[in-house]
Amino acid sequence: EASDLGAWPHYMIKEINEAADAVRNVAAMSHETFAPAVERLADSDIALVGAGSSHYVCMLGQYFFHQIAGRRATCHSADEFMNLARLDADSILISISQSGETYDTLRVMEYAQADGAKLVSINNVAGSTAQRMSDFPILQGAGREVCVLSTKSVVSQTAIAWRLAAELAANGRPADMGDLTALAAQLDLLVQGLSPTIRDVAERYRWIEHWFFLGRGIHWPVAAESALKFKEVSYIHAEAMPAGFLKHGTISLIDEKFFTVAFIPNAQHDPESFAHVVSSLHEIAARGGNIIGFGHDLPSTFPEGLLEAYIELPSVSKFMDPIIQLVAGELFAYHGAVKLGRNIDRPRALAKAVTVR
Ligand code: AGP
């Protein structure tokens, strides 16, 4: 098969660089594309399902529905969904899957459909099983993703999940796409301008064997997805958790050999989460742990020396920030793994679509 890599060394970095276009595509989708699904969402119990990275996008969607549209949404990983929730004719299931062929996700869809629930599907592969099964199929249009690791498709799914919540909150009127358009411009700046800075940090600490990835609120799914990406491609142990969970046990792991990646929220967007994350970081530093922070406009009161390394990311609006931070996490995973000589586009043991039980 002919390669369309051009001058790129790997599909992973090529596709990370296509994230901004993936977002522009979502901003350009018409209000009418979403209207039928959104009309149904307005009157239904909402559930979200996906596997792996797509599950973490569902988690982000859960925050969006709650914080933007004031709606509660059930969300479980596809492999456990049926042990935890049963849907009915008053329900709508939003399934998220790049391939549209993931066995666990399709199975939940089948059960939900048999119980009378309606299906919304967000997929990148046109004509996939999930698209064909759905009442309201939404095609991501992010372009073919070749690397086994999902990067641009995660970004595009997150933008669509945000858009569903924003359209629902807009109550029949078209949602404002200004934030998505501004995000796309900042993503271009991030992947072009900041990639060398992120590469330097990732290369410097590539030998560290144990990592925490921490976030709070909408940054918690970002930490979870970034740790998954990091593990998949670097084969290094990383554990993701909400910043508030640390003090309930895992903090005993911290010593000077332990590193933490912190996805720090913008203090102006969410002062409470910001203060909470900073207090968790103090707890880590007090035990000799080292911290790499991704953040924005740290206030002048931010303690000097708390972070071993800090990467200042472009500022965007509150609900776009997880996407900026996701892409920063993808670059961090990529550059460390390249330096370690890993098989970037086909990491060991992984397949692009997990179509088996
Ligand atoms: C992502 O980097 C992974 N390779 C994996 O977790 C993936 O997201 C998962 O298997 C779900 O795939 P899907 O989106 O095609 O359903």
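If you look the chain up in an unreviewed UniProt entry, it shows as Glutamine--fructose-6-phosphate aminotransferase [isomerizing] from Sphingomonas mollis. What UniProt states about the chain under its Catalytic activity (unreviewed entry) heading is, verbatim, "D-fructose 6-phosphate + L-glutamine = D-glucosamine 6-phosphate + L-glutamate".

Student: If you had to explain the nonpolar core to someone new, which residues and values would you point to?
Tutor: With 120 residues, the main nonpolar core has Val23, Leu93, Leu187, Val327 and Ala328 as its most contacted residues. The biggest single contributor to this core is helix H12 (residues 321-339), with eleven residues. With near-sequence residues (within four places) excluded, Leu187 lies in contact with Ala19, Ala20, Val23, Ile324 and Val327.

Student: How would you summarise unusual backbone geometry if you had to cite specific residues and measurements?
Tutor: The backbone phi angle of Asn171 is positive, close to 60°, even though this residue is not glycine. With respect to the secondary-structure elements, Asn171 resides in the loop between helix H8 (152-169) and helix H9 (178-204). For Asn171, a count of 10 C-beta atoms within 10 Å corresponds to the exposed category. Here the phi dihedral of Tyr235 falls at roughly 60°; this positive angle occurs in a residue that is not glycine. Among the secondary structure elements, Tyr235 is positioned in the loop between helix H10 (219-234) and strand E7 (237-242). By C-beta crowding, Tyr235 is classed as partly exposed, having 14 other C-beta atoms within 10 Å.

Student: Account for the sheet that holds strand E4 (residues 118-123), with residues named and values stated.
Tutor: Across the sheet, which stays open at both edges, the five strands sit in the order E2-E1-E3-E4-E5 with parallel pairing between neighbours. One side of each edge strand has no neighbouring strand; the edge strands of this open sheet are strand E2 (73-77) and strand E5 (136-139). Geometrically, the sheet is characterised by an average inter-axis angle of 15° between neighbouring strands, direction not taken into account. Pairing analysis gives four bridges linking E4 to E5, with the strands arranged parallel. Across the sheet, the residue bridging to Ile122 is Ile138, located in E5.

Student: An account of the sheet that holds E7 is needed here, citing residue identities and associated values.
Tutor: Pairing is parallel across the open sheet formed by five strands, whose spatial order is E7-E6-E8-E9-E10. This sheet does not close on itself; its edge strands, each paired only once, are E7 and strand E10 (309-312). Averaged over all pairs of adjacent strands, the angle between their axes in this sheet comes to 15°, without regard to strand direction. As paired strands, strand E6 (residues 210-215) and E7 are joined by six bridges and run parallel to one another. The partner of His210 across the bridge, within E7, is His237. Relative to the sheet, H9 contacts strand E9 (290-295) and E10, its axis offset from that of E10 by approximately 165°.

Student: Please set out H12 residue by residue, giving values where relevant.
Tutor: Between its first and last C-alpha atoms H12 spans 28 Å; for 19 residues at 1.5 Å apiece the expected length is 27 Å, and the two agree. Taken across its 19 residues, H12 has 18 buried, putting it largely inside the fold. One or two positions beyond H12, positive phi appears at Gly341, with a value near 75°.

Student: Let's hear about the packing of helix H4 (residues 53-69) against H10: which residues, and what values?
Tutor: Axis separation between H4 and H10 bottoms out at 9 Å; the angle between their running directions is 170°. The pairing of H4 with H10 is recorded here as roughly antiparallel in orientation. Residues Ser53, Tyr56, Met59 and Leu60 of H4 pack against Pro221, Ala224, Glu225 and Leu228 of H10. Here the contact of H4 with H10 is composed, by residue class, of six nonpolar, one polar and one charged.

Student: Talk me through the packing of H9 against H12; I want residue IDs and the actual numbers.
Tutor: Axis separation between H9 and H12 bottoms out at 8 Å; the angle between their running directions is 35°. Crossing angle aside, the handedness with which H9 passes H12 is right-handed. Side by side, H9 and H12 meet where Leu183, Gln186, Leu187, Leu190, Val191, Ser195, Ile198, Arg199, Ala202 and Glu203 of the first sit next to Ile323, Ile324, Val327, Ala328, Leu331, Phe332, His335, Gly336 and Lys339 of the second. For the contact of H9 with H12, the class distribution of residues is twelve nonpolar, four polar and three charged.

Thresholds applied
Residues numbered from 1 in each chain as written. Predicted model: local features only at pLDDT ≥ 70, side-chain atom pairs only at ≥ 80, totals over all residues. UniProt positions renumbered as here; feature names shortened; annotations may be inferred. Core = buried A, V, L, I, M, F, W, Y, C linked by C-beta atoms within 7 Å. Buried ≥ 20, exposed ≤ 12 C-beta atoms within 10 Å, placed from the backbone. Helix = DSSP H or I, 4+ residues; strand = E, 2+ residues; numbered from the N terminus. Contact = placed C-beta atoms within 7 Å. Pairing = 2+ DSSP bridges. Axes fitted to C-alpha atoms, helices over the stretch in contact; angles between N-to-C directions. Expected span 1.5 Å × (residues − 1). Parallel < 35°, antiparallel > 145°, perpendicular 65-115°, else oblique. Nonpolar A, V, L, I, M, F, W, Y, C, P; charged D, E, K, R; others polar. Left-handed = near helix turned anticlockwise from the far one by under 90°.

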